[in-house]
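If you want the building blocks of each chain, they are given just below.
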Amino acid sequence: MATRKLGRVLTAVLAPALALGATVALASAPASAAVWSSCDQWGTTTLNGYTLYNNIWGSGAGSQCIWANSGTNWGVNANHPNTGGIKSYPNAKKVINKSITSLGSLKSSYNVTVPSSGSYNTSYDIWDTNYDYEIMLWVNKTGAVGALGTSQGTLTLGGSTWTVYKGNNGANDVFSFLRTSNSTSGTVDILPILKWIKDTKGWFGNVTIGDLQFGFEITSSSGGLDFTTNSESVTSS
């Protein structure tokens, strides 16, 4: 359920770790050497055009460490308790900064390894530059997780069939597309989805797409679970 990511992104530099900082410090970096790793609540770096965030933003979170071999090969070990509410959204961000009508294409491919237990979704999180609109594309989900808002029915577009939800979290409108069958690898043609929202539904106008994030929205992962992005690519023109 998307209720916060603007706050996560914009407060990452400012928010103190508070008590969580002590908890996060208990986590360990990956066993194999990586180009970069961090157990900090707001740990971040930029690698080959992608910005990586550890991004532990939810209340009641446990520990989580992120590692990366590149901006498109990275993962986390997360140990969040079996309680409700999203704890974190570790992700890799690509900046687009083009209006929908000026985009000729916008596609992304992904390959992930995710646990069979816990509660989480693997998702794209797409924002306009004003952070008025959030578009989530869930490619898989496990456990007690659900989208914000009300169902708008199913839609086959962008290479997949989705159940579409429309809601508002008090700060921005949220449009969530939940893949009707779980996938750990594939390609999403994102531009037709944006055009469907704009032209077919009229839920927003010709907004400028800013951040395109891909990662794991984790509610619970008790005992410590591994989430890995084996590869990812984002292409636009």
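Data block above holds the structure.
Given the structure is predicted, the values throughout are model-derived calculations rather than measurements.

Details of the pairing of strand 9 (residues 133–142)
- Burial runs high along strand 9: nine of the 10 residues are buried.
- Where strand 8 (residues 119–128) meets strand 9, eight bridges bridge the pair, whose relative direction is antiparallel. Within strand 9, the residue paired with Thr122 across the bridge is Asn140.
- Linking strand 8 to strand 9, which pair antiparallel, is a turn of four residues; within it Tyr131 sits at a positive phi near 60°.

Quick notes on the packing of aromatic side chains
- Following the criterion strictly, the structure yields 14 aromatic pairs and no others.
- Joined through ring pairs, the aromatic side chains of Tyr133, Trp162, Phe175, Phe177, Trp196, Trp203 and Phe204 make up one cluster.
- The ring centre of Tyr50 lies 4.6 Å from the NZ or CZ of Lys94, which sits over that ring.

A closer look at the nonpolar core
- With 46 residues, the main nonpolar core has Leu106, Tyr124, Ile135, Leu137, Phe177, Val188 and Ile197 as its most contacted residues.
- When residues in this core are grouped by element, the largest group, six residues, is from helix 3 (residues 190–201).
- One finds Met136, Val145, Ala147 and Leu178 within the second-largest nonpolar core, a separate group that totals five residues.

Notes on the sheet that holds strand 8
- The strand order 2-3-6-14-8-9-12-11-10 describes an open sheet built from nine strands, whose pairing is mixed. Both outer strands of the open sheet, strand 2 (44–47) and strand 10 (150–157), are each paired with one neighbouring strand and no more. Neighbour-to-neighbour, the strand axes of this sheet turn through a mean angle of 25°, independent of strand direction.

Rules of the game
- Residues numbered from 1 in each chain as written.
- Predicted model: local features only at pLDDT ≥ 70, side-chain atom pairs only at ≥ 80, totals over all residues.
- Heavy atoms only, no water.
- Buried < 20%, exposed > 50% of the residue type's maximum accessible area, 1.4 Å probe, protein only.
- Helix = DSSP H or I, 4+ residues; strand = E, 2+ residues; numbered from the N terminus.
- Pairing = 2+ DSSP bridges.
- Phe/Tyr/Trp six-rings, centres within 6.5 Å; stacked < 30°, edge-to-face > 60°.
- Lys NZ or Arg CZ within 6 Å of the ring centre and 35° of its normal.
- Core = buried A, V, L, I, M, F, W, Y, C linked by side-chain atoms within 4.5 Å.
- Axes fitted to C-alpha atoms, helices over the stretch in contact; angles between N-to-C directions.

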